[in-house]
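Letter by letter, the chains look like this.
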Amino acid sequence: MIEAVDLAKIYNQGKRNQVEAVTDINIAANSGEITVFVGPSGCGKTTLMSMIGQLLTPTQGKVIVDKENITAYSDGWKAIFRRKNVGFVFQHINLLSNLTALENVMIPLLCHDVNPSPFRASALVLLKKLGLEERAFFSVEQLSGGQQQRVAIARALITEPKIIIADEPLTFVDEASARTITDFFEDLKKEGKTILISTHVSNLAKLADRTYTMKDGRIAQS
Amino acid sequence: MNRFRNLLTYALNCIQRYKVRTVVILLCLGISASLFSSVAFMSDGLVKEGALSLRYAPDLTVQGISSGRQTNVPTKYVGYIQEAPGVTLVSERIWGYGNIGNTLLVIVGVDLQDQGINYSQAYPLESGSFLSLVSNRTVVIGKAVSDLLGARVGSVLTILTESNTPQTYEVVGVFDSQSSIYNADLILMNINDAREFFGYPEDEVTDILVYVSNIDALTKPSLVNIAAKEIGDLPNCRVITKDILLKAQETTYGNRSGFFSIVWYVILVAVAIIAFNQTVVVGRESKFEVGLLKALGFSTSDIIQIRLMESLILGALAGAIGLTVGIIYDSILGAPVLRDFMLGWATLYPAFPVPVFISLQTIIFTLAVTIVPLLFATVVPSWLNATSDPDLAMRGSNA
């Protein structure tokens, strides 16, 4: 279970261009549930997701995962936490060019003390589940936006994390791919993963077990 | 171990992906390393040849001096020198230059009656036999002389004396090319033949060779010093020790290679700046990639390790390319341009292969001087790169 307590983020604190991106956020996300954050662009969804995923250090408050305050971790431990527990799906997809879909999926394994070769089969299974078995050996530049986002989802899952954080995962995705992705999120939920999604797309919001509506950096409705 | 191998795999992948940076660094550092290794191999070869040639050299060489210039030394000194403490053998030598065609060659006449000096061991032969003990107008010639004149064992050489009188000599042997530079242009003959050729009076020689007792290696340097001091008291003469000759050779070639070292340092600094710039440029490109990697679980230390591995691999690769080019340039191509500078007098003498000595020490040093500056030049950009915020991955490439 994930809890955010009194979470706040102020960019450029004390400077003239200070921005209060997120203020007084208190949320909870359970295992085996999809928690969705909805709200207009600039309302602080991405900042909140970054803080929950330990990509960003909050100015105030804490993130508690399975009763442990992970905000207090050092940068090194936060990296280990992400490595072992979190799979990210980014709005901008963020695949590495000049690599194949399969190679991109296997990248997170390179920071683990494992031989990646045996995971090749798992990576191919993931790509197959996402309808990309015939594109596994294609360079990612040859794939459509929807296909690329599916590769990114496979990459987020290759290390079998218990938390999936997806920031606007359907922004650059066609309708068919969007359907595949939403179905896949439902399957992950059944597997007991804790899934947090930020979105402004209604069909993703429909998946939510719990929805938080954000406005001006605050939770407006839960 | 798996983790190390994984990071190495990623580093290799980066080298492949950032092609422009890879090519620029390999090219610049490879050229720099090839220049350094080429000069170092030649310099080592020349010093080694010098040491080889001095292996059988006398402990002391006594030369005449008049108004500060070298002149002949009277043979009457021989008796006095023989009495000096520690001296076991004294031998006379006459040498100078002779003209064959337009080529100036070194003519050396030695006293073969001195049984204590094993000339045939000091100057190993490739073909033929060594000089006989009596003067009979026979010569042993260097490899370059043989190649230049097309002379073999049995050929007859005609050399012009200073008074333009042609004299003929039969070639009885050709020196081995092992220590090419110091006997390549040499014509060795009996001392009496040389006296006749140069027209020296009976009581003068070019120099007197002095050998000191070899019995105790520990006390030998002291004996040499004592003998040198004693002989140095003779009027109008100077005493040159073997150590001075060796140091002179090392200084000569060391200075020549030193000149190139300065040029090379300048090039290396330029290369380091280029490497720094390239890494900074790539750093900007890859900053976003680093953010992504960190989001995927890579730590800052992982990223620094990857970047340093890249530098290490690039440095080693550039060093290996430089060494290979240096070896090909020196050994196969004969070091055009650099050769003339290093040998200095090659325009006067017949052409002979530049001595090249490829030592493990030089190879290791070349690799070190390519890897270490690159590591230093890239460590700051790598660190700056590695500290990229993982949140960049969330914000996208324009963040």
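The following paragraphs examine the structure supplied in this document. Since the model is a prediction, treat every value here as computed from it, not as a measurement.

A few words now on the pattern of salt bridges. Across all of its chains, the model carries 13 salt bridges over all chains by this definition. Note that Arg93(B) is salt-bridged to Asp207(B), the shortest N-O span being 3.0 Å. Note that Arg93(B) is positioned in strand E4 (residues 87-100) and Asp207(B) in strand E12 (residues 207-212), a separation of 114 residues in sequence. Salt bridges sharing common partners tie together Arg83(A), Arg3(B) and Asp302(B).

Each side of the interface is counted separately: chain B has 27 residues, and chain A has 31 residues. Counting the contacts that link chain B with chain A gives one salt bridge. Linking Asp302(B) and Arg83(A) is a salt bridge whose minimum nitrogen-to-oxygen distance equals 3.3 Å. Across the chain B-chain A interface, the total number found is eight residue pairs in polar contact (both at pLDDT 80 or more). By residue number, the principal contributor to the side of chain B that touches chain A is helix H1 (residues 2-17) of chain B, which donates eight residues. For the side of chain B that touches chain A, the class distribution of residues is 12 nonpolar, six polar and nine charged.

So, about the packing of helix H5 (residues 145-157) of chain A against helix H6 (residues 175-190) of chain A. Helix-helix packing: each pair is described by the crossing angle between the helix axes and the interaxial distance. Residues and elements named next belong to chain A. It is at 9 Å that the axes of H5 and H6 come closest, and there the two elements cross at 15°. Classified by the angle between their axes, H5 and H6 sit roughly parallel to one another. The handedness of the crossing between H5 and H6 comes out as left-handed. Along the contact surface, H5 presents Gly146, Gln147, Gln149, Arg150, Ile153 and Leu157, while H6 presents Ser177, Thr180, Ile181, Phe184 and Leu188. Here the contact of H5 with H6 is composed, by residue class, of five nonpolar, five polar and one charged.

A few words now on the sheet that holds strand E10 (residues 218-221) of chain A. Residue and element names in this part refer to chain A. Taken in spatial order, the six strands line up as E6-E7-E8-E3-E9-E10 in an open sheet, and their pairing is mixed. The open sheet has two edge strands with one neighbour each: strand E6 (86-89) and E10. In this sheet, adjacent strand axes meet at a mean angle of 25° when their direction is disregarded. Note: strand E9 (residues 210-215) against E10, three bridges, orientation antiparallel. Bridge pairing links Met214 to Ile219 in E10.

Residue and element names in this part refer to chain B. The final tally for this structure, using the stated rule, is nine aromatic pairs over all chains. Ring geometry for Phe197 and Phe198: centres 5.0 Å apart, planes at 90°, overall edge-to-face. With respect to burial, Phe197 and Phe198 carry one shared label: buried. Grouped by ring-pair contacts, the aromatic residues Tyr169, Phe197, Phe198 and Tyr200 constitute a single cluster.

Residue and element names in this part refer to chain A. Read across the sheet, four strands follow the order E2-E1-E4-E5 without closing on themselves; strand pairing throughout is antiparallel. Both edges of this open sheet fall to strand E2 (19-29) and strand E5 (68-69), since each of them pairs with a single strand only. Across two bridges, the pairing between strand E4 (residues 60-65) and E5 is antiparallel. The partner of Val65 across the bridge, within E5, is Glu68.

Residues and elements named next belong to chain B. As for its placement among the helices and strands, Thr75 is situated in the loop between strand E3 (73-74) and helix H3 (77-82). Relative accessible area serves as the criterion here: at 18%, Thr75 is assigned to the buried category. If near-sequence neighbours (up to four positions away) are discounted, Thr75 is found in contact with Glu92, Glu202, Asp203, Glu204 and Val205.

Our next topic: the environment of Leu89(B). Residues and elements named next belong to chain B. Among the secondary structure elements, Leu89 is positioned in strand E4. By relative accessible area, Leu89 is classed as buried at 19%. Distance from Leu89 to Val210, taken between C-alpha atoms, is 5.9 Å for residues 121 residues apart in sequence.

Rules of the game
Residues numbered from 1 in each chain as written. Chains lettered and ligands numbered in written order. Predicted model: local features only at pLDDT ≥ 70, side-chain atom pairs only at ≥ 80, totals over all residues. Heavy atoms only, no water. Salt bridge = Lys/Arg side-chain N within 4 Å of Asp/Glu carboxyl O. Helix = DSSP H or I, 4+ residues; strand = E, 2+ residues; numbered from the N terminus. Contact = heavy atoms within 4.5 Å. Polar contact = N/O pair within 3.5 Å; in protein donor to acceptor, adjacent residues only side chain to side chain. Nonpolar A, V, L, I, M, F, W, Y, C, P; charged D, E, K, R; others polar. Axes fitted to C-alpha atoms, helices over the stretch in contact; angles between N-to-C directions. Parallel < 35°, antiparallel > 145°, perpendicular 65-115°, else oblique. Left-handed = near helix turned anticlockwise from the far one by under 90°. Pairing = 2+ DSSP bridges. Phe/Tyr/Trp six-rings, centres within 6.5 Å; stacked < 30°, edge-to-face > 60°. Buried < 20%, exposed > 50% of the residue type's maximum accessible area, 1.4 Å probe, protein only.

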